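Residue-level structural notes
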Amino acid sequence: MKRLILAAVAMLTLTGCWRTAAVTEPAIVPEPMFMVQKEGSYALERQVAIAVSGVGQNSPTVKFIMKSLRHAHMRPSLVALSEESDILLRLNDTLNPELGDEGYLLEVRSDGVTMSANSEVGLLYAYQTLIQMLPTDVLHTTYKTVVLPECTVLDRPRFAWRGLHVNVSGSPMPVKSLKRVVDAMLAYKLNRLCIDGSRWNEDSLRWEVDSLAVYSPAEAEELTAYAADLGVAVLWDSLPRLAYDLKEGLALALKGDEVVMEPVEHWDFSCYQADPRYQPQAHEGVITLRRAYRFDPAPVGTNRHTAANVVGGQCRLLTDCVVDLGQTEYMLLPRMLAVAECLWSTADKLSWPNFRKKVELQKERLHTKGYNYCEGSFTPLFKATRVDDQTMNISIETEVPNTYIFYSLDSLAPTRYSNIYLGPINLQRGTHIKILPVYKDIARDSIYEFVIK
């Protein structure tokens, strides 16, 4: 058996009126705990027969999966367990200790797909992994057949609390917008939405922000129920007691010694995520996707007692600079994916080079769902290695893969006709280099200037 590579390649050929896609190397966010691939495959046809075991056919989980498959231009139908099926959804009769409360087992074999879990939320997460195995444009393209690689995915979260903290006191968000946020949270297996800045007014019997009536009890109940069906718990103005660490940023104390980490230096998504000159107005400071990915709530070397009591973490968004839903999504995505992987995946599975490749494919999925997202930071990242007293070996990249880097070493500004960076180069100390990043045939940001020291 070979390990799956972290990039996804879909080979597409026309077959009659619709296409056939052969997905050879899935790229899953967050990275699963255990995933292996065999040489076989399973052809998932447009007509999808689904059997269920241990869960009702009218359960929110089954309804969600059926609806989602229809959005992917498939035609799902429920069949009896005794009948032949393409997908089996199985709620375990006996708890599987390897899966815990939210884990799942996803098996693609030559005779079909099986998803099993100890809970319905585990089945939802298994389905999110399966949907990420489908072509990125599945919502826009009708496929006659999708050929899935034979594989086994055994997965469970590293931390129980994987959240998003939204403070709505600056600019209240409609329930409809919050539902879109919940949808994105489910897609990447986040499970806590903390809505802060609102408070219950006994006189008006409404949730209010600065005495402005925002959420009626019915609206609050509607969002809470909607999120619960998708495995997301909504906390209304009931955030745990705040405690502040100068080392880690904000830490939320739940009870006793338990610390949900909210590191403002890494996960405050109210801040800019790229060069502020080319971004919508945000809070001071720049937290790029790369920086967001580089936070571990319980890194190697953490005191055992402390590590055992870290139950998870959450990113935060203050809405005072957010003007609409589009900007809300832009500030969260794709940085929220970094939070999801850091909180779900074990430390040995975290890899920035692999993650940045996967994000490019996830952007395509987000685009087909109509989400607004930031392309990322194009500020050049330099690595300088000494060759001798006068010479440095320079490597350059940006956090966004497939970015072309044009450069000049004279007084002229670089253009797309200048030197193109193809690999590490030797430059003399004191050299003045100017860089122009180009992504998807568009010059991004401004020209960056550096002096080699």
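Everything quoted here is computed from the prediction, not taken from an experiment. (Residues numbered from 1 in each chain as written. Predicted model: local features only at pLDDT ≥ 70, side-chain atom pairs only at ≥ 80, totals over all residues. Heavy atoms only, no water.)

Focus on unusual backbone geometry
In this chain, V29 is followed by P30 through a cis amide linkage whose omega measures 0 degrees. Summarising the element assignment, P30 is placed in the loop between β3 (18-23) and β4 (34-45). For the bond from L333 to P334, the omega torsion is 5 degrees, close enough to zero to count as cis. Within the element layout of this structure, P334 appears in the loop between α8 (325-332) and α9 (335-344). Although it is not a glycine, K189 sits at a positive phi angle of roughly 65 degrees. (Helix = DSSP H or I, 4+ residues; strand = E, 2+ residues; numbered from the N terminus.)

Description of helix α1 (residues 60-71)
The first and last C-alpha atoms of α1 sit 16 Å apart over 12 residues, in line with the 16 Å expected at 1.5 Å per residue. Next to the buried residues of α1 lie β5 (47-53), β6 (75-78), β7 (87-91) and α2 (120-131). Backbone geometry just downstream of α1 places H73 in the positive-phi region, at approximately 65 degrees. (Expected span 1.5 Å × (residues − 1). Contact = heavy atoms within 4.5 Å.)

Remarks on the side chain of T328
Structurally, T328 can be placed in helix α8. When neighbours within four sequence positions are excluded, T328 is seen to be in contact with M173, V181, L317 and V322.

Let's talk about the packing of helix α3 (residues 175-187) against α8
In a packed pair of helices, the relevant descriptors are the angle between the two axes and the axis-to-axis distance. In contact at an axis separation of 10 Å, α3 and α8 are set at 25 degrees when each is read in the N-to-C sense. Taken as axis vectors, α3 and α8 run roughly parallel relative to one another. α3 and α8 meet at a crossing whose hand is right-handed. Along its contact with α3, which presents S177, R180 and V181, the element α8 presents L325, T328, E329 and L332. Its residues assigned to classes, the contact of α3 with α8 comprises 3 nonpolar, 2 polar and 2 charged. (Axes fitted to C-alpha atoms, helices over the stretch in contact; angles between N-to-C directions. Parallel < 35°, antiparallel > 145°, perpendicular 65-115°, else oblique. Left-handed = near helix turned anticlockwise from the far one by under 90°. Nonpolar A, V, L, I, M, F, W, Y, C, P; charged D, E, K, R; others polar.)

Read these as geometric descriptors, not functional statements.
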